[in-house]
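Spelled out from the first residue to the last, the chains are:
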Amino acid sequence: MHELGYRWQRNHRGQYVDGHECPDVISYRQNHFIPTWTQLEPRMRKWLKDGVTEVPLSPGVQPVTVWRHDESTFYANDRRQSGWVEKGAGATPQPKGEGESIMISDFVSPEYGWCKSPDGKECARVVFRAGKARDGYFTAEDILAQTAKAIDLLSKYYSDSDHVFIFDNAPTHLKRAEDALSARQMPKGIQEWGVDATVMDSAGKIVRGPNGKALKKKVRMVDGNLSDGTTQPFYFPESHAHAGKFKGMAQILKERGFNNAEKLRAQCKDFKCKEGETQCCCRRILFNQPDFINVPSMLETLCKSHGFGCIILPKFHCELNFIEQCWGYAKRLYQLYPPTSKSVDMEKNVEMALESTLIKCMRR
Ligand SMILES: [Zn+2]
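These figures come from a predicted structure and were not determined experimentally. (Residues numbered from 1 in each chain as written. Predicted model: local features only at pLDDT ≥ 70, side-chain atom pairs only at ≥ 80, totals over all residues. Heavy atoms only, no water.)

1. A word on the coordination of the zinc ion
Quick reminder of the rule: Here a donor is an N, O or S atom found within 2.8 Å of the metal, or within 3.2 Å if the metal is Na, K or Ca; sites may look incomplete because water is not among the atoms. The geometry test gives tetrahedral to four donors whose angles all lie between 85 and 135 degrees, gives square planar to four donors and octahedral to six donors whose opposite members are over 155 degrees apart with all other angles between 65 and 115, and gives irregular to the rest. When a residue's accessible area, from a 1.4 Å probe over protein chains only, is under 20% of the maximum for its type it is buried; when over 50% it is exposed; and in between it is partly exposed.
Around the zinc ion, the protein contributes the donor atoms Cys-268 (SG), Cys-273 (SG), Cys-280 (SG) and Cys-281 (SG), which lie 2.2 to 2.3 Å from the metal centre. Considering all four donor atoms around the zinc ion, angles at the metal cover 105 to 115° and the coordination shape is tetrahedral. Sequence positions of the residues that donate to the zinc ion give the spacing C-x4-C-x6-C-C. Its relative accessible area of 8% is what places Cys-268 among the buried residues.

Below you can see the structure in the form of structure tokens.
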């Protein structure tokens, strides 16, 4: 077939954008992702070619289990989509009616397979009916709740290993806390100022107004972190003449050693500073401060606070995420099951396909 100018392609829908070699992607991969991985690798368990035999770790080395997280959608009418496609053929529109869909969000590791308790009764899997009027969309809050569940489960049953979660580079995974450091909206001078934060109920669900929009309230921005490790509150203390007020960018910068900050403008027009300029305005200087650059995502903060690792894959590198192969395997099995019309049956088939995805196959 190759000689005839055809290539095998698994999914002919959608567009494939190759961003492997964008400068920011390369920089992240080389300076962040690879060093982190190289550091962890000696503590990962290894399997020989037969997929079973473990190469033992040196005594006294606490092993690391790497959990890949991913989401994948199963369609009721998905039966067989692979086929030979002529090279250079574009995306082929598929007939409508994929039927009902179920999204599965889960963690998987070569050691334990899908993330669940040894007796299989507790698991971190989320079954989600995506789309309007169903379960809505899988949000940053959903992924946080699921990760918290996985952390509980792993701490309870698999504490003999350290654990690291790997996530795709998706906006929901990178979302920062609403009160996180950001120079974007800050005023230059002293005033009453806070950031908009979503109101949550005691169960951690978003509270909505009569128009369906999430309710917001003003909260204080978190403290900054100076290079010597101390924190820098952005609000004046109770004893101060401006007790409780926001210090403003000029004062914040002054405390960081920028004594001329008062004389600088708040920001250049439309915050379009001259290229390469780093000291032109208050906002630009703050923007480039290390603590403003390295704001952790909520996922990272959650993982770290429990002693778990959190790695975000470089953009466009989902092929590094071996869970993709697990989905592929599960979907091939799923496609072989008889067609379903009821969503309960469909869910059963999906679960069955996922459970049949053997650990042996994952370790390859
Ligand atoms: Zn500027």
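2. Considering the environment of Met-352
Where we set the bar: Only DSSP runs of H or I reaching four residues or more are called helices, and only runs of E reaching two or more are called strands; each is numbered from the N terminus.
Note on placement: Met-352 falls in helix α9 (residues 343–355). Each C-alpha atom, one on Met-352 and one on Tyr-334, is 8.1 Å from the other, the two residues being 18 residues apart in sequence.

3. Thoughts on the pattern of salt bridges
Where we set the bar: Should a side-chain nitrogen of Lys or Arg be within 4 Å of a carboxyl oxygen of Asp or Glu, the pair is scored as a salt bridge.
Evaluated as defined, the whole model comprises 10 salt bridges. Residue Asp-162 pairs with Arg-43 through a salt bridge whose shortest N-O separation is 2.4 Å. In this pair, Asp-162 sits in strand β9 (residues 162–167) while Arg-43 sits in the loop between α1 (23–40) and β2 (46–47), placing the two residues 119 residues apart along the sequence. Judged by its relative accessible area of 31%, Asp-162 falls in the partly exposed class. Classification of Arg-43 as partly exposed rests on a relative accessible area of 25%. Residue Lys-218 is joined to Asp-196 by a salt bridge in which the shortest nitrogen-to-oxygen separation is 3.1 Å.

4. A look at the pairing of strand β6 (residues 101–109)
The condition is simple: Two strands pair under a simple rule: DSSP has to find at least two bridges between them.
Summarising burial for β6: nine of the nine residues are buried, a large majority. Alternating positions in β6 separate into two faces, Ser-101, Met-103, Ser-105, Phe-107 and Ser-109 on one and Ile-102, Ile-104, Asp-106 and Val-108 on the other, with burial throughout. Note that strand β4 (residues 64–75) and β6 share eight bridges and pair antiparallel. Across the sheet, residue Glu-71 finds its bridge partner in β6, namely Ser-105.

5. A word on helix α7 (residues 298–305)
Here is the rule we go by: It is the directions from the helix axis to the C-beta atoms whose arc is reported. The contact definition used throughout considers only heavy atoms, calling two residues in contact when any of these lie within 4.5 Å.
Taken together, the buried positions of α7 are Leu-299, Leu-302 and Cys-303. For α7, the angular spread of the buried residues around the axis is 95°, confining them to a single face. In this structure, α7 carries Lys-304 and Ser-305 as exposed residues pointing more than 90 degrees from its buried face. On its buried face, α7 is in contact with α2 (140–157), β9, α3 (171–174) and β14 (309–312). Backbone geometry just downstream of α7 places Gly-307 in the positive-phi region, at approximately 75°.

6. Side note on the nonpolar core
For clarity, the threshold we go by: We call a set of buried residues a nonpolar core when its members are Ala, Val, Leu, Ile, Met, Phe, Trp, Tyr or Cys and they connect through side-chain atoms within 4.5 Å of each other.
Phe-107, Cys-115, Leu-154, Phe-165 and Phe-167 are the most contacted members of the largest nonpolar core, which has 22 residues in total. Element by element, the count of residues in this core is highest for α2, at six residues. Among the nonpolar cores identified, the runner-up in size contains 21 residues, and Val-195, Met-221, Phe-234 and Ile-252 belong to it.

7. A closer look at unusual backbone geometry
The phi angle at Asp-270 is positive, at roughly 55°, despite the residue not being glycine. With a relative accessible area of 52%, Asp-270 lands in the exposed category. Non-glycine residue Phe-271 carries a positive phi angle of around 55°. Summarising the element assignment, Phe-271 is placed in the loop between α4 (248–255) and α5 (282–287). Taking the relative accessible area as the measure of exposure, Phe-271 reaches 16% and is therefore buried.

8. Some words on empty space enclosed by the protein
Note the cut-off: Definitions used throughout: a 1 Å grid over protein atoms alone; a cavity as a set of points that fits a 1.4 Å probe which cannot get out; a pocket as an open set with protein on both sides within 12 Å along at least five of seven lines; a lining residue as one with an atom within 4 Å of a point. Grid points are joined across faces, edges and corners, and a volume is the space filled by probe spheres set on the points. Classification used: nonpolar for Ala, Val, Leu, Ile, Met, Phe, Trp, Tyr, Cys and Pro, charged for Asp, Glu, Lys and Arg, polar for all others including Gly.
Following the criterion strictly, the structure yields one cavity of 30 Å³ or more and no others. A volume near 30 Å³ is recorded for the largest cavity. Forming the walls of the largest cavity are Ala-140, Ile-143, Leu-144, Thr-172, His-173, Lys-175, Met-298 and Leu-299. If you list the elements that add at least two residues to the lining of the largest cavity, you get α2, α3 and α7. With three residues, α2 is the largest single contributor of residues to the lining of the largest cavity. Taken together, the residues that form the lining of the largest cavity break down as five nonpolar, two polar and one charged.

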